Structure formats: C-alpha cells, structure tokens
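Residue strings, one per chain:
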There are 2 protein chains.
Amino acid sequence: MDHQVVVWQNNERKDLIVEQGQNLLEVLHHNDVSLDTPCGGQGHCGKCKVKVLSALPPVSSKEEELLSDKEVENGIRLACLTKVTVDMEVEIDKEVELDILTEGINQEVDLDSQIKKFVFEIEQPDLDDQRGFLTRVQEKTNTEEITLKALQQLDQVDKEDFLTAIINTDSQELIGIEAGKKEELYGIAVDIGTTTVVLYLIDLNTGAEVDTYSFHNPQKVFGADVISRVNYTLDDRTKVEEMQNVLIKKFNEGVLSLTDQNEIETDDILTVTFVGNTIMLHTLVGLSGESIAKAPYTPIFTGGVELDPTQLGVNINSEGVVKLLPSISGYVGSDIVGDMLAVDFNSFADSWNLIIDIGTNGEMVLGKQDNIYACSTAAGPAFEGAKIMFGVAGIPGAISKYKITAEGEIEYQTIAEQPAKGICGSGLLDIVAELLITGFLNSKGAFCKDEELESWQQERMTEYKGFKSYIVLTADEAGIEEDILVTQKDIREIQLAKGSIAAGIEVLLKEANIDYGMLDNLYLAGGFGNYLDPHNACVINLLPEEVEDKIIQIGNGAGIGAKMYLMDQKITSYADQLREQVNYIELSSSPEFQTEFMNSMEF
Amino acid sequence: MDHQVVVWQNNERKDLIVEQGQNLLEVLHHNDVSLDTPCGGQGHCGKCKVKVLSALPPVSSKEEELLSDKEVENGIRLACLTKVTVDMEVEIDKEVELDILTEGINQEVDLDSQIKKFVFEIEQPDLDDQRGFLTRVQEKTNTEEITLKALQQLDQVDKEDFLTAIINTDSQELIGIEAGKKEELYGIAVDIGTTTVVLYLIDLNTGAEVDTYSFHNPQKVFGADVISRVNYTLDDRTKVEEMQNVLIKKFNEGVLSLTDQNEIETDDILTVTFVGNTIMLHTLVGLSGESIAKAPYTPIFTGGVELDPTQLGVNINSEGVVKLLPSISGYVGSDIVGDMLAVDFNSFADSWNLIIDIGTNGEMVLGKQDNIYACSTAAGPAFEGAKIMFGVAGIPGAISKYKITAEGEIEYQTIAEQPAKGICGSGLLDIVAELLITGFLNSKGAFCKDEELESWQQERMTEYKGFKSYIVLTADEAGIEEDILVTQKDIREIQLAKGSIAAGIEVLLKEANIDYGMLDNLYLAGGFGNYLDPHNACVINLLPEEVEDKIIQIGNGAGIGAKMYLMDQKITSYADQLREQVNYIELSSSPEFQTEFMNSMEF
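Caption draft 1: Looking closely at the overall build of chain A. For chain A, the count of helices and strands is 20 helices and 27 strands. Rg of the C-alpha trace for chain A: 27 Å, near the compact-globule value of 25 Å for 603 residues, within the 12% margin. Judged by the C-alpha coordinates and their principal axes, chain A covers about 105 × 70 × 40 Å. In chain A, which comprises 603 residues, the share counted as buried stands at 53%. Across chain A, the fraction of contacts at a sequence separation of at least 24, relative to all contacts at a separation of at least 6, is 68%.

Laid out in structure tokens, this is it:
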C-alpha cells in the first residue's frame, strides 16, 4: 500500500508517493529534499528534524532523549526514526546558509600554470613547403604530442594566420588549437570540506581570484563525518559511485554558475586542483575509503595524482588536467599540505612551526627544515557543533562570541546577527572559558555544586534531560522560543576534544625533542581556528598559555594551498617533496598519547 | 508520394519505403545494402549494377556506354543513374569476398611493446607500514603516474597477495591493476587500405600472430578512391564524422570477432597500430583530408601520433594506446613507411634500395643510408581493375594469370578457381605483355590493323562500344555468358598507369644521381606488386629490363610494418627518424616528370 507524503520546504510543496513502511529520511533524500543529517540517519545526532503537520505519530524513546519537550509538543520528529505508515504532511526548515571561510593569508606565487596558451602567426604552405600543418604548428609551439581533439581542431583552422595553442607544458602536449588570438585561461581551486565545498575561480593570466562559489557537501546526507560516509558505502559498491556522483554533480553546477556569472567559456577552464581530507579525495575519485576507516588505517593513495577531467566527469575543457594535492596519511589530509604551502613551511627554515587544523580530527604538523612530524587526533566534531545539545555549525544565528561581563550580564554575537539558533565552535570555546573564569566549572570540568555558586550563578543553572546545565541565553534574553543551554555532557565532549588535541601537540613536541618555549609560530588553520579567541583557547588549555603570542590565524590554508597548486606548477613537485619529508606519527597505538590524553583532559 | 522498393541480396529480401524521385544508390546505402561503387556514385565507373526484376526503366545514354548490350537486355541498370519513380523490385550481387594479402616477408623484431604487464607480490600494510597502497605498488612497479581507472581498480584488490600491473612504459604510468597473475597481453596491427582493412591480432608475450580479420573498407560507398571520398565530405562537416564512424564501427566489429573467436578479453588488448595512406589516416581520426586533395597537397599531420582509444571510440582497454604510423606526405603514406620497416631499410646501409607500392597511386621510395627520396605518381586505379571495361579487384573469379601458349591457345588462372568474372591487375599485366609478345599491339600501344594480323589473331579481335578489342576469353572458353575483352581504351589506361610509375622511378633515380645499374634491390609491395609477374612487368616496361633479377616481392609490407610498430616500441622513434630523413619530391609541379612521363608511355 502506498501513502501520500506532502513535504513543505522554502514554501514549496512536493507531493511524494511512498511505500508503506519506508523510512522518512530515505524518502526525503531520494527526492532531493535537503536535510541536515550529521550521523547519517543512525538516530544518534537528533538533527534531522521535521515538523509533522498532519496527525502526530507517537514519540519514540530515542526522540524523547534527543528532542526538547517543547519540540515534541510542537510536532517535531526525527525523520530517521519515522516510518511512513499513513498519509503525512511535513515541513522542513530551509537549508541553512553556511558562513564559509574563503579568505586567508596571502602568499606570493609565481604565475606558472601547467596549462598555458600561446598565440602565434603561421604561414600558409606552398609547393616548396608541403610539411604537414601539425609539423609547422609543433615547430612554433615546441610541442611533441597532440591529443585527438586538438588534431581535429587543426583541421578547422588551417586557413588562419593567427592561432592560439593550448599546451600542457608538463607533457609537452598540444591539447587545443583555436583560431585567432584567444588568450583566456582560467583554473578552479577546490577545497572539499566534509561539510562544505568552496570553488575559487582564478584567472591564470593575472593570478586574480575572479569569483568564488560554495555549497554544502552533498555527501552529508550519507553522514556528517567521514567514517559515517565510509560505513554507508561498505555493503554496496554502487554506493561508492553514488557518493562520488553527488559530489561531482554539485561541482559541475558550481562550474556552470561561475562560467555563467563571469561570462567565461567552459573550455577556457583548463585546470582544477582539489584539496581535502584523505577520505574526501578518495570518494571524489570513486574509492570507498574503507581501508582508511579500519586499522591499520592505510589509504589507497596519498601522492598528488593528475587525472583526466573527462574520465572523472568534471565539466571543464576535456583536454585539461585535474590535480589532487598530496596527502600525508589516512588522517592527515592534503588540507594540511595546503596549510603548509600557505604558510610557506620551508621558508621558515630556521624556526620551529606548528600548524593545527581542527575539524572532526585535529590534524597537526610540526617542523623545522626537513625535520617534520605530523599526527591526527580523533578530536571528534564537538567544535563543529555536533554531539553538543545546542551545537550548530557556523550558520547564521550561531552564537560565535560570548562573554559574561558582570554578574548575570551577558554579551554575545551571532553569525550574520540573526536571532540565536545554537552555539558554534568558537562560541562554545568562549562559553567554557567564561564558565572557568567566573567559577561555574572547576578545573576537572564539573559544574560546581549549587552551594558553591553565588545566587546570580544559581539562577543561570538548570537541569536538562538529567544533566546539570548552564543557561547560555534565556529565551527572553535572545528573543527566541526556548532557552539555549550547555550541559554537563557537552562539557565532557569538549574536554575530550580539547584533550586529544593538546595531547597530540605534546606528542609532536616530544618526537621533535623540543618544548613549547622553542616554538616560533603556531598557525591555526580552518574555520574554527580562524574564528576562535586565541586567549580563550589558552584559558581552556586547548593550547598552552606560553604560546598565546605566537598564534597566527591563517584562515582557509587548505584553499590557499590549492590556489597556489593551481597557479604554479613547480609547487606540484615541491608539495610532493614536502609530503615525503613528513614523519607521520600514528597515535592510535601510541601509549604516550594515551598518557598525555589523560593528563590533558583537565582545564 | 512514396514507393515500395523490394531488394534481394544473398537470397534475403528487404522492403524499403522510398520517397518519389530518390536516387536508388543513396537509398541502398542508407539501408546498409552493400554495393560496389568505385566512383562514389558519380556515374563514371559503371560498377553499381542492379538487376531490375520489375518493369524495366528506360536506359540512359551513360548506361548504354557503361553496360554491355546483353546486360541492358537482361535488366541490368546502374543504381547511381536510377531514380525511384515507381514501385520496384531489384536484385543485387552478393558482396564479393576479396582475396586479401596478409602475408609477407618475415622480419626479426624485439618483443618490447609499449604496454607491459608485470606480476608481483605485495605485502599487506600494518601500523608500522601505513604507506598508501599506491605508494607501495608504485615502488614495486617503478611507475610514477596513475590513471583514474587503475586507481579505482586498486580499491578492489588491496587484499590480494599477488597483483598484475599494466604499465605504459613510455609514460611510466600505471594504467591498470588486476588481482592475481594475469599476464595475457595482446595488440592489434591494422592495415587500412582504401579498399580493404586487415586486422592482425598479435600475442605481445610471444610475438605470435594469433589470428587475422579483414573486411571491405566501408568508406567505399562514398567512393572507391580517396579523392572521391574527400569530395563527398567537402560540403558537410558531419560527413567527415560519418566517414570516420563507419570505419571505426567495422573495426570494433572486427575486435569483437577476434576476441570471441580466440577467447580473449577486450581489456587484454592494449595497443592498436594503424597503417594506411595519409587520407585514410586522416579520415580515421575524423579529419576531412581536404587540404591533401587540393594544391599544395599538404596534410594536417604526418608524424606518428599516439591517441586515446576511448576518445577515438576504439573498443580495446580504455587505458591502452592507439598509435598511427608516420606518413611522409599527403600522397606518400604510412604504408610506405611500413614497407621501409618491413625491408629494414636502414640495415641495407651500403646498398641502393627502391620500394614501389602500387595502388591508386604508385608510391615509391629510393635510398641508401640517409640519402632517401620519395614520390607519388597518380597512376590511377587501372591495376586495381577500375576504369577497365572488364576490370575487377582481386575477387574470386578474377583472371590473375594469362598466357597465349600457341596460336589461338590460351592458359589462364582465376582467383579461387572460380568461373571468370573479369580481369584483375596481375591478369591485365600478363594480357598486355602477351599481346605485345604475340604482336597484337605495337610499341605505341595501338592494336595492329586487321591486315597486319594473322588469321588466328583476327579471330580474337572484335569491336566493343566503338573500340577495337581483344577477346581475352570467349564465353565458350570460360563457360560464362559473355566474352571478356580488353579494349583499346583499356590499353590506354594501362599505358597512363605504367607510364607514370616508370616516370616516377626515373625522377627518383635522377634525384639520387644514380642509374638502374646501381640499384641493388627493387622491392614490390602490396597486393598487385606481390601477384604480378616480374618478367611481364619488364616486358611492358613498367619496370626496366635490367632490374628483373633484383625484384623482391615482399607482400603486405604495410601490414608487416604495423605489426613491427606494435611489437617493438623502439620502432616508433626509428620510424619517425626514417620519415624525417626522406626527401619528398612533388611530381605535380615537376617539368622533369612530365617529360619522363611522355617518354614512358610506350611499351
């Protein structure tokens, strides 16, 4: 028996016919309804909320745990826990706009892209010079090989006086030939984040960033974190292709938008570079990433590979190149290599540099000259808002700054100055720091007993689903429906996250045989690293106090690295060399890390 | 108004609905009815015969000229001159089997193909060796690059102990990886003749020729000779694609047949080499060849190019390579380069060698060490049976040997010992030689007057469509319906053909500043060159008498060259070097050639 499901999103109505008993989340995904599903529909995260407008289904115990009473009352249910057994009408929040970090420090780069254009004049043949057209063109362009497409283009332009050759200078291959003078040459650097993807359109003749385009990583419907995504594909090879296809489809939409907006021909886009964590790059090329998810955590590939755009299904000039930045290991991805390029790791030849890129994992690299060490800590996605009761990503309305200015007085900022919707990573860090400073929390991370708190403090404490909780904002203060809280459980998640990062840093320092005092620069990369308050990061002991004045926030280092990789082909071999110099430290089997981790949990 | 046309061929009936006034030949071509059309349907050659079974249409003056009275009476008409204005029923001879020359001299070749397989053992990773799978495979295989397909295959075999790598040793690229030991490795050498195409399936592990497959060049429906085909495409770019597509479609059918017959997987075919005249190779890759057809006769490309099988649409392993043998000029094609490889041109470092390959053009190359000269003479297709009243290609029933043993007594051979159907090149050469020896013809190529002939000779003379004609075989002698003749016009065609070849040889000798006596070897390549009687070639002065004992018939040298190109990658650069050493002499603007041509017309 089939049921009718009416879905409202952005004031648009979709009418779906659904088989009896189907999972509502799967139905929505298969009908391209966008819905946040960090845990991939496993009933853990409580984010795939729908508002049921028709008769309310009963509430499961899981939903009771993950939803507030008010939400349950208002008809909110979790799609992943709902089966369609009657006709339904549901409403879904519109997809949130992420505030994506596209900026960062500037690096000087040579303009020397692998694909170049070259305009030249050519003489017509006569009976004294009957050499083939290709021979004459190759002489002018200093090329030896030619692609089929270029060969066919030659047949169309053999009467012209001026020609433009497109040359892959690495393979010395003539990959295109156009009539007249046609020098337009573009490339796209792509930062594939687990959550968001950013495209940078670069004019390869000037180095200018012409435009950017970003979108939610469409793979997130299969899980918010990389492991959930790998697990999704494990039982079925076609799911690996599905994972790849959704990503490439969205990428191609981005290319189309960029070319339309900027009046560029797709054929003038000749290079794409991709940066991302190792599993993202695996899924991009149609690999499962399974071997990375399981011990001994080995990737299929780490080296920077160069691929054929057509084979990959990427809609740029079919004769162009697609290049993936090299990674270091299964959990130290090419984004860290991008960060290293962005801070010009090698040029600080005589200083000790540490780069930390915090996402689901805390990836970090420490080095001086060719003495380089890297590791990855399973920090968990707490700082991305996951596993935190009122945690959200960096969406409009996310509390991103927070300060207790006086007894019971609060100052805060939300992203895009929207009404508060939840707490993102930098806000969470501020809140914990303030709770420590003002004595709500002890150094072990426990909320103080009521009797240890002053009365204004007692007023901001409550209980939520059995956990002691601090009221970050009351509904009144924020002008919203429901109080926003931080629970004792949230604090524990943050302790785990910050503890593992701090422990990772300790292990790297020991490997390099240096101490904090010897560190010259500490670069924080990525969105969280860019927006966090460095002082507060030291207050909660995410980073040690003695480095506070050495912290440099570099922004989206991975994206910067991808742009550099795009613009200067010499960086390809440099990045590969950098990668090979890195000593990767596997923490999962390191007793030293376990000890440091236990020591680093306290604030 | 539409008409019904019933077509019978091979006892099979096709029912076609045809618009009023459509050309019958076009109708037949578009419905995949195979029919010989040397002139491409221009009403010149008289070969596109159909037998009308329904009411006979009137006979045009062109048909009266091109068909015998008996044929006209029996309802034979020319499809290219027939418009469909009523319902019709026609019968068409079944497509003839050509006796295609696939054999030739043997050349020792190194087995060193560009694509190789390599079986190796690989250790599983552990926490002490977390290097990516690709890194470990690259170390074992000594490769640096990888294709997307190979990368995706890696993901499937990372649990195996033994792997087989497929490596492009030229680009040092890993192009495939298979589980276990899988050493099968094949290649196909292809000789694209204007008339016929031959595929040689080669086991690249042993060098053995496993099988061959041949077919009529499907482009012949657009014209028998290359110029007709170029002309066909001039007004419409899509016809260039059509010309390419019919060829590649038939090639792929050939690959399928070879793999089926020999129980080989398509993916185990990793290299294809193509040899052919310059226009054939242009049409193969989707170029019109227009610039070759018009002065200054320059090709788009002559160099040996390497192409992507997928882009070309060729159904072998998608990561394999397609290689075209280099050509010398628009009318000295890669077949001559193949011939040069076949006779190992360079190894005769201290002798003067002449290679002649006679097709529609007489292509020839003369050289010693790096002193090499080549030219092409527009011999015309007389020796291929075209433009000759009773001329046929090398089909079963073609008169291939002919001797007047005594007064009025004849000995002859037909191909496949079938009843005589016409005269092919070698038969024609024998007949002319015999007519000269026995005094039917004078040295100017004119039939003697009746009074100069003996009575037995007079009995074998007749008149046909206004031309004096020699009765090659009477219907009685041959047990066929109609006498087979050679007309005075045919003799003129042969004089033109042989004269231009002889003149070409003279010009080359003069360029090289040698005379016939200094020539060490004269190689005859190709079907006609292989089957002709060398003595008779000297009798008719196609070749001078003094070289008779230096003639070596090498068979299908082009095919041999393509096989060598397939088996030994070192030959790629050797062939390119050979090509560059050749001095091409353009005869169309050579006054010397014109003089020699006039002198060489006599027998």
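Caption draft 2: Expanded view of the relation of the copies chain B and chain A. Taken as rigid bodies, chain B and chain A are interconverted by a rotation of 180° and an axial shift of 0.1 Å, the fit giving an RMSD of 0.1 Å. Such a turn and shift between the copies fits a two-fold axis. Using C-alpha coordinates, one finds that chain B approaches the rotation axis most closely at Ser171 of chain B, a distance of 4.7 Å. Take the interface residues of chain B: 100% of them recur as interface residues in chain A, which is what a same-surface contact looks like.

Caption draft 3: The arrangement of helix H11 (residues 334-342) of chain B in detail. Here H11 of chain B lies mainly inside the structure; nine of its nine residues are buried. After H11 of chain B finishes, the residue Asp344 of chain B shows a positive phi value of roughly 50°.

Caption draft 4: Expanded view of the interface of chain B and chain A. The interface of chain B with chain A comprises 40 residues on the first partner and 40 residues on the second. Taken together, the elements giving at least two residues each to the side of chain B that touches chain A come down to helix H4 (133-141), strand S7 (145-146), helix H5 (148-154), strand S14 (306-307) and helix H10 (309-312) of chain B. Among the elements that line the side of chain B that touches chain A, the one with the most residues is H5 of chain B, at four residues. Partitioned by chemical class, the residues of the side of chain B that touches chain A number 20 nonpolar, 13 polar and seven charged.

Caption draft 5: A look at the sheet that holds strand S5 (residues 88-92) of chain B. Residue and element names in this part refer to chain B. With mixed pairing, the five strands of this open sheet are ordered in space as S2-S1-S5-S3-S4. The sheet terminates laterally at strand S2 (12-19) and strand S4 (76-78), the two strands that pair on one side only. Between one strand axis and the next, the sheet turns by 35° as a mean value, whatever way the strands run. Inspection of the sheet shows strand S3 (residues 49-52) paired to S5 by two bridges, in the antiparallel sense. Bridge pairing in S5 links Val52 to Val90.

Caption draft 6: Representation of the nonpolar core. One finds Ala374 and Ile423 of chain A together with Ala374 and Ile423 of chain B to be the most contacted residues of the largest nonpolar core, which totals 325 residues. Setting aside chain neighbours within four positions, we find Ile423 of chain A in contact with Gly385, Ile388, Phe390, Gly391, Val392, Ala398, Ile399, Leu428, Ile431, Val472 and Ile484 of chain A.

Caption draft 7: Representation of the sheet that holds strand S26 (residues 551-555) of chain A in the model. Residues and elements named next belong to chain A. Strand order in the open sheet formed by six strands is S26-S25-S16-S17-S18-S27, with mixed pairing between adjacent strands. This sheet does not close on itself; its edge strands, each paired only once, are S26 and strand S27 (582-584). The sheet shows a mean angle of 20° between the axes of neighbouring strands, taken without regard to direction.

Caption draft 8: Quick peek at the packing of H11 of chain B against helix H19 (residues 570-581) of chain B. All names here are of chain B. Interaxial distance between H11 and H19 falls to 11 Å at its minimum, and their mutual angle equals 115°. Accordingly, the angle class assigned to the pair H11 and H19 is roughly perpendicular. Of the two possible hands of crossing, H11 and H19 adopt the one that is right-handed. Contacts from Val337, Met340 and Leu341 in H11 reach Ile571, Ala575, Leu578 and Arg579 in H19. Split into classes, the residues belonging to the contact of H11 with H19 amount to six nonpolar, no polar and one charged.

Caption draft 9: Structural detail: the packing of helix H15 (residues 488-512) of chain A against helix H20 (residues 591-600) of chain A. Residues and elements named next belong to chain A. For the pair H15 and H20, the least separation of the axes is 8 Å and the interaxial angle reads 130°. Put simply, H15 runs oblique to H20. Pair H15 / H20 crosses with right-handed handedness. When H15 is examined against H20, the residues Gly499, Ser500, Ala502, Ala503, Glu506, Val507 and Lys510 are found in contact with a partner set consisting of Glu592, Phe593, Glu596, Phe597 and Ser600. Residue classes in the contact of H15 with H20 are distributed as five nonpolar, three polar and four charged.

Caption draft 10: Fine view of unusual backbone geometry. In this chain, Ala295 of chain A is followed by Pro296 of chain A through a cis amide linkage whose omega measures 0°. Residue position: Pro296 of chain A is located in the loop between helix H9 (290-293) and strand S14 (306-307). Positive phi is not limited to glycine here, since Asn11 of chain A has a value of about 65°. Among the secondary structure elements, Asn11 of chain A is positioned in the loop between strand S1 (2-9) and strand S2 (12-19). Phi is positive for Asn10 of chain B, close to 50°, though the residue is something other than glycine.

Caption draft 11: Here's a closer look at the domain arrangement of chain A. For chain A, the assigned domains read domain 1 (2-92) and domain 2 (115-179). Distance from the C-alpha centre of domain 1 of chain A to the C-alpha centre of domain 2 of chain A: 59 Å.

Caption draft 12: Representation of H20 of chain A within the structure. Residue and element names in this part refer to chain A. Listed as buried for H20 are Phe593, Glu596, Phe597 and Ser600. For H20, the arc enclosing every buried residue in end-on projection is 105°, short of the 170-degree limit, so these residues lie on one face. Along H20, the residues that are exposed and aim more than 90 degrees away from the buried face are Pro591, Met598 and Asn599. Tucked inside the fold, the buried residues of H20 contact H15.

Caption draft 13: Quick look at the pairing of strand S23 (residues 467-473) of chain B. Residue and element names in this part refer to chain B. For S23, the buried fraction is high: five of the seven residues fall into the buried class. Relative to S23, strand S22 (residues 461-464) is paired through four bridges, and the arrangement is antiparallel. Bridging from a neighbouring strand, Tyr464 pairs with Phe467 of S23. Between S22 and S23, which pair antiparallel and follow one another directly, the connecting turn spans two residues, one of which, Lys465, has a positive phi of 50°. In this sheet, strand S24 (residues 484-487) lies alongside S23 in antiparallel orientation, the contact comprising four bridges. Opposite Ser469, over in S24, you have Thr487 as the bridge partner.

Cut-offs used in this document
- Residues numbered from 1 in each chain as written.
- Chains lettered and ligands numbered in written order.
- Predicted model: local features only at pLDDT ≥ 70, side-chain atom pairs only at ≥ 80, totals over all residues.
- Helix = DSSP H or I, 4+ residues; strand = E, 2+ residues; numbered from the N terminus.
- Rg over C-alpha atoms; globule rule 2.2 N^0.38 Å.
- Buried ≥ 20, exposed ≤ 12 C-beta atoms within 10 Å, placed from the backbone.
- Contact = placed C-beta atoms within 7 Å.
- Least-squares fit on C-alpha atoms with pLDDT ≥ 70 in both.
- Nonpolar A, V, L, I, M, F, W, Y, C, P; charged D, E, K, R; others polar.
- Pairing = 2+ DSSP bridges.
- Axes fitted to C-alpha atoms, helices over the stretch in contact; angles between N-to-C directions.
- Core = buried A, V, L, I, M, F, W, Y, C linked by C-beta atoms within 7 Å.
- Parallel < 35°, antiparallel > 145°, perpendicular 65-115°, else oblique.
- Left-handed = near helix turned anticlockwise from the far one by under 90°.
- Domains from an automatic or database assignment.
- Arc of directions from axis to C-beta.

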